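Here are the chains, one letter per residue:
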Amino acid sequence: MAAVALVVLIPVNVSDGTLYSLNKDLVISNIDKLSISNVRSKSIKFFFHISMQYLFTFWTCCLLYKEYSRVASMRLRFLASQGRRAEQFTVLVRNIPHVSGRSTSDSVESFFSKNHPEHYLCHQAVYNANKFARLVRKRNRLQNWLDYNQLKFERNPEKRQRRKNGFLGLWGEKIDSIDFYKHQIKELDKKLTMERQKVLKDPKAIIPAAFVSFNSRWGAAVCAQTQQSKNPTLWLTKWAPEPRDIYWKNLAIPYVSLTIRRFIISVAVFALIFFYMIPIAFVQSLANLEGLEKVAPFLRPVTELKFIKSFLQGFLPGLALKIFLFALPTILMIMSKVEGYVAKSTLERKAAAKYYYFMLVNVFLGSIIAGTAFQQLRAFLHQSATQIPRTIGVSIPMKATFFITYIMVDGWAGIASEILRLKPLVIFHLKNMFIVKTERDRVKAMDPGSVDFPETLPSLQLYFLLGLVYAVVTPILLPFILVFFAFAYFVYRHQVINVYNQQYESAGAFWPHVHSRIIWSLLISQLLLMGLLSTKKAANSTPLIIVLPILTLAFHNYCKNRFEPAFRKYPLEEAMDKDLEDRPSESDVNLKSFLADAYLHPIFRSFEEVELVEVGVDKSQAHIPSPSGSSSSSSHHDIHHHEDKPSHSVHHHEYEPPSNVYHYEAEVSSNVYEYDTESYRNVYHY
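Bear in mind that the values here come from a model prediction, so they are computed numbers and not experimental data. (Residues numbered from 1 in each chain as written. Predicted model: local features only at pLDDT ≥ 70, side-chain atom pairs only at ≥ 80, totals over all residues. Heavy atoms only, no water.)

So, the sheet that holds strand β5 (residues 206–214)
- In space, the four strands of this open sheet follow the order β2-β5-β1-β6, with antiparallel pairing throughout. Only two strands of the sheet have a single neighbouring strand rather than two, namely β2 (120–127) and β6 (236–239). Averaged over all adjacent pairs, the angle separating strand axes in this sheet is 30 degrees, with direction ignored. (Pairing = 2+ DSSP bridges. Helix = DSSP H or I, 4+ residues; strand = E, 2+ residues; numbered from the N terminus. Axes fitted to C-alpha atoms, helices over the stretch in contact; angles between N-to-C directions.)

Set out below in structure tokens:
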């Protein structure tokens, strides 16, 4: 697109020279003279721009179709090539109705034994252990401080650390630090014991949700993709996320409150987007100082200084915009968590969507509208109202100058900082200076994490939007985007392979969202061109352009119907083929032992054996080996499975060690489970 646009459209735009006659009223630059604004009204040359818009639209749709087809087939091949994994056999059931005199576990057992008698295997109840998790995290922090003070004492036995026993150690009587933290941990252990018993004994701790496992992928697919009850609001089923993808805290949110939460967050996101308009409008006023000087001449002595002028115009607007956006992904992720999604991958997709809408409204539309208003204020004040639409139509393409600066500051410099990893380096040294107290803290501080999807994907989609919008309007912007994507491809490829740790596997589930955003970018580019041509008094060409959005939406609808089901549902044909392939090597007993505690809440990893029996975990037979091959200590207990339990048993969710383990840091205990695709065995680190 860059090659064609530069060869065809640049000569067409330059040849008219319309902007020279408007130079007294409008603030223009040499780059503006390469845009569509430089073509005179009612010119026959606009058919070149319309032809290029058609060409670019069909080319983009062609590539999108091929990519959607390729990603969908890759996803299905990946799922078919996977070994036996817990999420292939497990469904998350929510909004389980309460039946008087029966527990949630009894209701699940009865319902699925009746409605899925040939395929139902076992289930795992879900417990509200959020308060217990908070107490454990607090205890871990206190233990960390205790380890730190003991380490300092071992290095210097002659000097014991002391601290004040008041709030945050800011006031109060000075006491021995080691004794203080030991006392705090002892008191907290009492609270933990009480909270643990509450989880075990209180029926309200069991929430109306469960992970239900089946003896075949086909049975799980039927359950996950069909309506279970005549009341469509009860017994709601969906595919269970893989265990390391679960955000356990949100499972405790009542299902009935999710709609209200999401409505409130939608209103909050709307308000946040438009609140940010105020600082962004001010930033855009700095993007062209000549326009500001014409309105406020008293600023001329300062802004005429060469260094200040070049800094304010060339670097500051893009840098300031980047600073305003720095904390936004974190805020949007918190909002997504409040909405109640139970999978980390879903949380990241929702946060990415919010960030994209923000970038679309504030960075793209906000920069154009606010920048145009400040930049062309003098022209607005000194002309009739009928001329204002024409001025806006001419001015919008001129914002390409700002976006070129933004691409260099945010895009080029962002890719350079990504490969240098300066931000993580600075954060590590700050943590090392103020937070790290033990070697365990240092290892945690050095963790590179995973790809930051909520921030990275919307940024890439914004550059797609800029490229598609300005391909016909101001083609000179395309080489800058081309350079960005070339660098971004090699840098992110390297980072994904060699730097980042994978947090979960969603098998390409992000792609339908990326496809939709590119389609909307196409629509925006078509509507913008339509508006520009109307200001150029080329109304006769509007019927030619109006066909494009219709064709684009039809293409999007076709792709959605053709490919998106592969990302939403698991074909029964594929499920049956995989079951037949694995059937000779599997039995229900082996599968039950494999699935039994795959979705066991992390809280139970630290419970005593007697307590586990109370919640239906019989540890009298099966054994989970520790890495050393010896039996575990009191903080690490074997989980056993009762094989001779009758099929009509109430709980029917016995616990065997899963033969595959997923890498996630438990929110409750300090266990870290490492998923080993080679050997499928449990490895426990303490």
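Brief notes about the packing of aromatic side chains
- According to the stated counting rule, one finds 27 aromatic pairs in the structure shown.
- Grouped by ring-pair contacts, the aromatic residues Tyr 65, Tyr 68, Trp 511, Tyr 558, Phe 563 and Phe 567 constitute a single cluster. (Phe/Tyr/Trp six-rings, centres within 6.5 Å; stacked < 30°, edge-to-face > 60°.)

A few points about the pairing of β2
- Across the eight residues that make up β2, a large majority, eight, are buried.
- Where β2 and β5 come together, six bridges link them in antiparallel fashion. Note that in β5 the partner of Gln 124 across the bridge is Phe 211. (Buried < 20%, exposed > 50% of the residue type's maximum accessible area, 1.4 Å probe, protein only.)

Some remarks on the packing of helix α21 (residues 453–473) against helix α22 (residues 478–498)
- Following both chains from N to C, one finds α21 and α22 inclined at 155 degrees, their axes separated by 10 Å at the closest point. It follows from the interaxial angle that α21 and α22 lie roughly antiparallel. In the crossing of α21 with α22, the sense of the turn from one axis to the other is left-handed. Within the contact between the two elements, α21 uses Thr 456, Leu 460, Tyr 463, Phe 464, Leu 466, Gly 467 and Ala 471 and α22 uses Leu 478, Ile 481, Phe 484, Phe 485 and Tyr 492.
- Residues belonging to the contact of α21 with α22 are distributed by class as follows: ten nonpolar, two polar and no charged. (Parallel < 35°, antiparallel > 145°, perpendicular 65-115°, else oblique. Left-handed = near helix turned anticlockwise from the far one by under 90°. Contact = heavy atoms within 4.5 Å. Nonpolar A, V, L, I, M, F, W, Y, C, P; charged D, E, K, R; others polar.)

Some remarks on the layout of surface pockets
- Reported here for the second largest pocket is a volume of approximately 2200 Å³.
- Around the second largest pocket, the lining is made up of 46 residues, and of these Glu 67, Leu 457, Leu 460, Trp 511 and Val 514 lie nearest the centre.
- When contributions to the lining of the second largest pocket are tallied by element, the ones reaching two or more residues are α3 (46–81), α21, α22 and α23 (511–535).
- Sorting elements by how many residues they give to the lining of the second largest pocket places α22 first, with ten residues.
- Residue composition of the lining of the second largest pocket, grouped by class: 31 nonpolar, ten polar and five charged. (1 Å grid on protein atoms, 1.4 Å probe; cavity = no way out; pocket = protein on both sides within 12 Å on 5 of 7 lines; lining within 4 Å. Points joined across faces, edges and corners; volume = space filled by probe spheres on them.)

Here's the deal with the UniProt feature "transmembrane region" (unreviewed entry) in the chain
- Look at the UniProt record and you will see "transmembrane region" (unreviewed entry) annotated at residues 46–65, 263–287, 307–334, 355–374, 462–492, 518–535 and 541–559.
- Taken end to end, residues 462–492 is 87% helix and 0% strand, and its first and last C-alpha atoms sit 17 Å apart.
- Spanning residues 518–535, this segment combines 100% helix with 0% strand, and its end C-alpha atoms are found 26 Å apart. (UniProt positions renumbered as here; feature names shortened; annotations may be inferred.)

Points about the side chain of Thr 90
- Among the structural elements, Thr 90 can be located in strand β1 (residues 90–94).
- Those residues in contact with Thr 90 that sit more than four places away from it in its chain are Phe 211, Val 212, Ser 213, Ala 220, Trp 239, Ala 240, Leu 595 and Tyr 599.

What to know about the environment of Leu 529
- As for its placement among the helices and strands, Leu 529 is situated in helix α23.
- For Leu 529, a relative accessible area of 0% corresponds to the buried category.
- Residues Leu 529 and Tyr 470, 59 residues apart in the sequence, show an inter-C-alpha distance of 9.4 Å.
- Excluding its chain neighbours within four sequence positions, the residues that come into contact with Leu 529 are Ile 36, His 49, Gln 53, Val 472 and Ile 545.

Focus on unusual backbone geometry
- If you check the backbone angles, Asn 95 has positive phi at about 60 degrees while not being a glycine.
- Position of Asn 95 relative to the elements: it lies in the loop between β1 and α4 (104–115).
- With a phi angle near 50 degrees, Trp 235 is a residue other than glycine that sits in the positive phi range.
- Look at Trp 235 and you get buried, because its relative accessible area is 7%.

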